[in-house]
Structure formats: C-alpha cells, structure tokens
Amino acid sequence: MSLKSFAAKIFARNIARKTAQWVNSPIETQEKVFKSLIAKATHTNFGQDHHFSQIQTHSHFVEHVPIRDYEELKGYVEKVVAGEKDVLWPGKPAYFAKTSGTTSGVKYIPITHESIKYQIEASRNAILNYIHETGNANFVDGKMIFLQGSPEMSEKNGIKIGRLSGISAHYVPNYLQKNRLPSWETNCLEDWDTKVNKIVEETVNENMTVIAGIPSWVQMYFEKLNAKTDKKIGDLFKNFQLFIYGGVNYEPYRAKFENLIGRRVDSIELFPASEGFFAYQNSQKEKGMLLLLNSGIFYEFVKADEFFVKSPKRITLKEVQLGVNYVMIISTNAGLWGYNLGDTVQFISIKPYKIIVSGRIKHFISAFGEHVIGKEVEEAMRQAIDGTDARINEFTVAPQINPEERELPYHEWLIEFEHPPSDIKKFIDILDNSLQRQNSYYYDLIEGKILQKLKITQIKNGGFQDYMQSIGKLGGQNKVQRLSNDRKVADALRSKFLK
C-alpha cells in the first residue's frame, strides 16, 4: 500500500464519521439549514421583497415564497448579472454557471463561495465514501480523467462565467493535480470531437484507474480508444477500477459498457447540477443515492401528479413517502429560492434518506393520459437488454398520435443499437410488458384498444451523436432527451438519421 492510498483511507474514515452525524439527525439538520439560509438572506433584495424577517417556519416560507423556475426568477438574476449586490444572496456570486436552457435560452446560474465549497466537497466525499465502504484505495496512485467542459472563463461585472464542470476544474486539490488528465490545453478545446481525439492520444498509454463523465460521452471516448488499439478498455487499462457518472441513468448503457470494457468495474452515481450537488451513491451493495442534507440546500417536495394544479402542497423531508414521484424544489446558499429544478425523484429509503432520479417534470409522455416517465422507460429498456442479446448506444421515446396508415396510435422508440436483438419481437414484448406492469394507465390504454403495442425505429450508427451535433449540443454536460410529449426530437431523428 502506498503512502497516498494509506492517507486516503484515514481521510475517508474521518469523512464517514462526519457524514454519519447528519445522516443520523436528518430532520434537525434540514431545520438548521433552513434557518441559516433565511437568516443570511434576510437583508437581500429578495429577502426584503418576500418578508424573510417574518419567516419562522416552513409554512411561513410557503406563504411568502412561491415556487419558481429559472424564467420566473430571471428578473432577479438579471440584476445580479448587471453587477448589483445583495440581490439573491449577500454580496455578489463568485461565478455564473452558464447553461443552455430549452425554453429560457442561455441561463446564468449563480454560484457563491459558499455553494462551490459544498459542490467540491460532495464530489470528493463520494469517492472517499467508496474508499471507506470497500477498503479499495489503490486507484489513487493511478491516472484519473473527468470528461468535462472547458475550464476557460469569461468575466462580466467582476463575476467569472463558465460551465460548471469547467469551474470545478479550478478546484482540483494539489495532491491530485499530477494524477489528473487530460492536459489543461486539451481540456480547453471547445470542439468535442477534436477534444476526445486529443484525450485518446494523451491517455492511451497511461495507467488509467478512474474515468468519469456522462455515460454517452464516456462511451464515445471508449469507442475511439477501441478503434485506435483494437483492445477492450479493461485490457488497455488493466488497473481501471472505478467509473463515476451522473446526469443520466447508467443502466441502459451498462451492457454496452461492459462489452467495451470486457469486465465489470465499480461505479459511483452522482447527482450534481449547476444549481447544487444533491446526492451521491453511498453503497456498492444498495441502489440509490444519499440525499445531501448538510450542504447548504433546503429541500421541498411536491407530488408530480399534483404539480400543475393551483397551489400544490409543498412538503419537507419528514413528510415524504417511499415510491412517490416528487418534483424536487430547492432553496440554496447561492440564492435560489423555492426553485423548481425540473427533476423528479423517488425515495427508496428514509433511513437514511436515499433517492433515485425518476425523470424530468417536463419530460414525459401523456398524449393519451398515460403519464409515462423517464424511470419507467429506462427500467423497461434495462429489462429488455437483460432478457435478450441486445446492446444499445442511445434511445428516445415519443408518441405517434397520427400514424400514416389507418391504425391505432402508439409509442415510438427510436433506438440506436450497438448490437440489435436476434429476436426483435421478444425485445418489443419485454419493453411493452414492462411498461404495462409499471404504469397502470398505459396498461389500460393498451387493453382498451386506445393504443397499440409500441414500435421501434432503428437509428443509424452514430445517429444520436450526429443529431446532438446538428443542434449544437455535442459533448460536455449535454444529454439526449430521453422522452418527449411531442415529435420534435423524434421527427428530427427520422428526417436524417434513420438506419
């Protein structure tokens, strides 16, 4: 055991002890966070506009602070961008995380010195938790790569602007700098295809032990390595031990990854966003991610099927139930208040509080009242892959309301197969039956002859990457929309990228 891995185990044990303190007192921890946030922001513009000085309880908060998304909070954010102080949080933010929204255009998410500290700690603690649970720390002696956006930043009114992953690159601790790849110059490249080719060059002969990034973009990296060397990733990187990912469900990609790697490696799921770092996988033996309750974020939850009614009920952690689909609402030490992140979650444990990401509140299919969500289609895909010899690169789902022929409407699954199933009918049957078991509304529509069984449209090899490039969203933190209630993504794919 090296000195570095020995020190990592000691550090991991200390962090595990500190984590246990708030894990064992979750409600009290969240109450402290709530009171601290309100107290610190009382004299800000937002705090004065929303009577923070009068807020003592969560019910007071609900009374004074409505749920908002970015568009509804934009008036305050624009004041911060213009250089005003004490608008959403005392002083000015340290950064703006620049993201491209689908409805709001470019979004500027404030990141304060307080919030970036918790972002960095959470990503560090996810790895330390893994070390503490498994006892495996040998990977700290190898090379690590995090596929991310450029760390270069611009500046406006004294506030630096960049992408979250690029901002985070400035906070890599000194003891990891020598282990980290790619080079700074390569990391600064904007063109994703050029960047990945350079990363392949810089890493192909290195002792890679940790690889991190959104699965679809790591897959692209693996495929280029395989094409260059004609080797499985696990043979090329014999000490590759840990895959860290976030942003999308890994399960639909797992079979493809294991084929590319040639063996199974441990993985850690993260739930980060520009707005905050919310959860990480804390066990290799159990599903779900530990909700981070002591990271400057106060959580509220609204049942997803009630979200669009007038004045939906907002509950706190102590009232959540297992298995219910909730919209997660956050208030943070970056000055986001009653903020609708857009993600939906389900609790799979309350001792401790652990979640899975079930989808996006705006990403669903309910053209016929079925309200199919991301978690359901991803679980159906997992079962279809497990039950056949298929492997996939990517997929999305959309309703077909008006088929050209005189037939019933259906859900269209647009799939890019890495290896198509030898029995496509069996694959479709598993998908459809799984969806019917998970979603009673979908089952009723099939049984009632309102919908027919789903259909598959095959997309050509590399089609999803070409599509993402065509809309300017190739690489970085960009993700393929898993399902839609309209035909925008489906029709774009069908128009140019059919197999």
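Residues numbered from 1 in each chain as written. Predicted model: local features only at pLDDT ≥ 70, side-chain atom pairs only at ≥ 80, totals over all residues. Heavy atoms only, no water.

1. Some thoughts on the overall build of the chain
The line we're drawing: Counting from the N terminus, the helices are DSSP H or I runs at least four residues long and the strands are E runs at least two residues long. The reference for a compact globule is 2.2 Å times residues^0.38; the radius of gyration itself is calculated from the C-alpha atoms. Exposed residues in this analysis have more than 50% of their type's maximum accessible area, buried residues have under 20%, and partly exposed residues fall in between, with area computed by a 1.4 Å probe over protein chains only. Throughout, a residue-residue contact means that at least one pair of heavy atoms, one from each residue, lies within 4.5 Å. All accessible-area figures derive from a Shrake-Rupley calculation using a 1.4 Å probe, and residue coverage is judged against the displayed protein chains alone. Under the convention used here, Asp and Glu are negative, Lys and Arg are positive, and both His and the chain ends fall outside the count. Where a charge lies is defined by one atom per residue type: Lys uses NZ, Arg uses CZ, Asp uses CG and Glu uses CD.
Helix and strand counts for the chain stand at 18 helices and 20 strands. What you see for the chain is a C-alpha radius of gyration of 23 Å, in line with the 23 Å of a compact globule of 499 residues. In terms of overall dimensions, the chain has C-alpha extents of about 65 × 60 × 45 Å along its principal axes. Relative to its 499 residues, the chain shows a buried fraction of 54%. Considering only contacts within the chain whose residues lie at least 6 apart along the sequence, 67% involve residues at least 24 apart. Taken as a whole, the chain presents about 22300 Å² of accessible surface, with 48% of it coming from carbon and sulfur. Computed over 64 positive and 58 negative side-chain charges, the inter-centroid distance for the chain is 4 Å.

2. Structural notes on empty space enclosed by the protein
Going by this rule: Grid spacing is 1 Å over the protein atoms alone, the probe is 1.4 Å, and a cavity is where that probe fits but cannot get out, while a pocket is an open set with protein on both sides within 12 Å along at least five of seven lines and lining residues have an atom within 4 Å of a point. Grid points are joined across faces, edges and corners, and a volume is the space filled by probe spheres set on the points. Three classes are used: nonpolar for Ala, Val, Leu, Ile, Met, Phe, Trp, Tyr, Cys and Pro, charged for Asp, Glu, Lys and Arg, and polar for all others, with Gly counted as polar.
Tallied over the full model, the rule gives four cavities of 30 Å³ or more. By volume, the largest cavity amounts to about 100 Å³. Secondary-structure elements contributing two or more residues to the lining of the largest cavity are β2 (106-111), α6 (113-134) and β10 (276-280). Per-element tally for the lining of the largest cavity: the top contributor is α6, with three residues. Tallied by class, the residues present in the lining of the largest cavity amount to six nonpolar, seven polar and one charged.

3. Some thoughts on the pairing of strand β13 (residues 326-332)
The cut-off we apply is this: Whether two strands pair depends on DSSP finding at least two bridges between them.
Among the seven residues of β13, seven are classified as buried, and the element is accordingly described as predominantly covered. Residues Tyr 326, Met 328, Ile 330 and Thr 332 line one face of β13 and the alternating positions Val 327, Ile 329 and Ser 331 line the opposite face, and both faces are buried. Bridge count for strand β12 (residues 297-303) against β13 is seven bridges, and the pairing is antiparallel. If you follow Tyr 299 over to β13, its bridge partner there is Ile 330. Relative to strand β14 (residues 339-350), β13 is paired through four bridges, and the arrangement is antiparallel. Bridge assignment links Ile 329 to a residue of β14, and that residue is Asn 340. Between β13 and β14, which pair antiparallel and follow one another directly, the connecting turn spans six residues, one of which, Gly 335, has a positive phi of 95 degrees.

4. Observations regarding the packing of aromatic side chains
Put simply, the rule reads: Stacked, tilted and edge-to-face are the three classes assigned to paired rings of Phe, Tyr and Trp, where Trp is represented by its six-membered ring and a pair needs centres within 6.5 Å; plane angles under 30 degrees give stacked, over 60 edge-to-face, the rest tilted.
Within the structure shown, the criterion is met by 30 aromatic pairs. Look at Phe 417 and Phe 427: their rings are 5.5 Å apart centre to centre, the planes differ by 70 degrees, and that puts the pair in the edge-to-face class. Of this pair, Phe 417 sits in strand β19 (residues 410-419) while Phe 427 sits in helix α15 (residues 424-438), placing them 10 residues apart in sequence. Given a relative accessible area of 8%, Phe 417 falls into the buried group.

5. Focus: the environment of Thr 344
The residue Thr 344 is located in strand β14 in this model. Along the primary structure Thr 344 and Ile 355 are separated by 11 residues, whereas in three dimensions their C-alpha atoms are 9.9 Å apart. Other than its neighbours up to four places away in sequence, Thr 344 contacts Asn 325, Tyr 326, Val 327, Ile 356, Val 357, Ser 358, Gly 359, Arg 360 and Ile 361.

6. Observations concerning the sheet that holds strand β20 (residues 455-458)
Defined as follows: To get an axis, fit a line to the C-alpha atoms, keeping to the stretch in contact for a helix; angles then go from 0 to 180 degrees between the N-to-C directions.
Taken in spatial order, the three strands line up as β18-β19-β20 in an open sheet, and their pairing is mixed. Of all strands in the sheet, those bounded by a partner on one side alone are β18 (391-400) and β20. The sheet shows a mean angle of 30 degrees between the axes of neighbouring strands, direction not considered. Relative to β19, β18 is paired through nine bridges, and the arrangement is antiparallel. Note that in β19 the partner of Pro 399 across the bridge is His 411. Running over the sheet, helix α17 (residues 463-470) touches β18 and β19 and is turned about 110 degrees from β19. Here helix α18 (residues 488-496) sits on the sheet in contact with β18, β19 and β20, set at roughly 50 degrees to β19.

7. With respect to the pattern of salt bridges
As a reminder of what qualifies: Put simply, a salt bridge is a Lys or Arg side-chain nitrogen that is within 4 Å of an Asp or Glu carboxyl oxygen.
Taken as a whole and judged by the stated rule, the model has 20 salt bridges. Two residues, Glu 412 and Arg 487, come together in a salt bridge whose shortest N-O distance is 2.7 Å. Pair noted here: Glu 412 is in strand β19 and Arg 487 is in the loop between α17 and α18, with a separation of 75 residues, a long-range link. Considered together, Glu 412 and Arg 487 belong to a single accessibility category, that of buried residues. Of the charged contacts in the structure, one is a salt bridge between Arg 494 and Glu 412, with a shortest N-O distance of 2.5 Å. Of the two residues, Arg 494 sits in helix α18 while Glu 412 sits in strand β19, which places them 82 residues apart along the sequence. On the basis of relative accessible area, Arg 494 is assigned to the partly exposed category, the value being 35%. Its relative accessible area of 1% is what places Glu 412 among the buried residues.

8. Points about the packing of helix α13 (residues 251-261) against helix α14 (residues 374-386)
Where α13 meets α14, the closest approach of the two axes is 7 Å, and the angle between their N-to-C directions is 30 degrees. Two secondary-structure elements touch here, α13 through Glu 251, Pro 252 and Ala 255 and α14 through Glu 378, Met 381, Arg 382 and Ile 385.

9. So, the environment of Val 200
Examined against the element boundaries, Val 200 turns out to sit in helix α10 (residues 192-203). Judged by relative accessible area, Val 200 falls into the buried class, the value being 4%. Those residues in contact with Val 200 that lie beyond four places of it in its chain are Tyr 221, Lys 224, Leu 225 and Lys 228.

10. A short note on a nonpolar patch on the surface
Put simply, the rule reads: A patch consists of residues exposed above 30% relative accessible area that lack any salt bridge, with like charges linked at up to 9 Å and nonpolar side chains (Val, Leu, Ile, Met, Phe, Trp, Tyr) linked at up to 5 Å.
A contiguous nonpolar surface patch, about 460 Å² in accessible area, is contributed by Met 1, Leu 3, Phe 6 and Ile 10. For Ile 10, the position within the fold is in helix α1 (residues 3-23). For Ile 10, a relative accessible area of 32% translates into the label partly exposed.

11. Here we look at the nonpolar core
Inclusion rule: In this text, buried Ala, Val, Leu, Ile, Met, Phe, Trp, Tyr and Cys residues form a nonpolar core when linked through side-chain atoms within 4.5 Å.
Counting residues in hydrophobic clusters, the biggest one holds 80 residues, and the most contacted among them are Tyr 299, Phe 301, Met 328 and Trp 337. Looking at this core element by element, the count peaks at seven residues for α6. When sequence neighbours within four positions are dropped, the list of residues in contact with Phe 301 reads Leu 291, Lys 313, Arg 314, Ile 315, Thr 316, Leu 317, Val 320, Tyr 326, Val 327, Met 328, Val 345 and Phe 347. With 42 residues, the next largest nonpolar core counts Val 204, Phe 240, Leu 414 and Val 480 among its residues.

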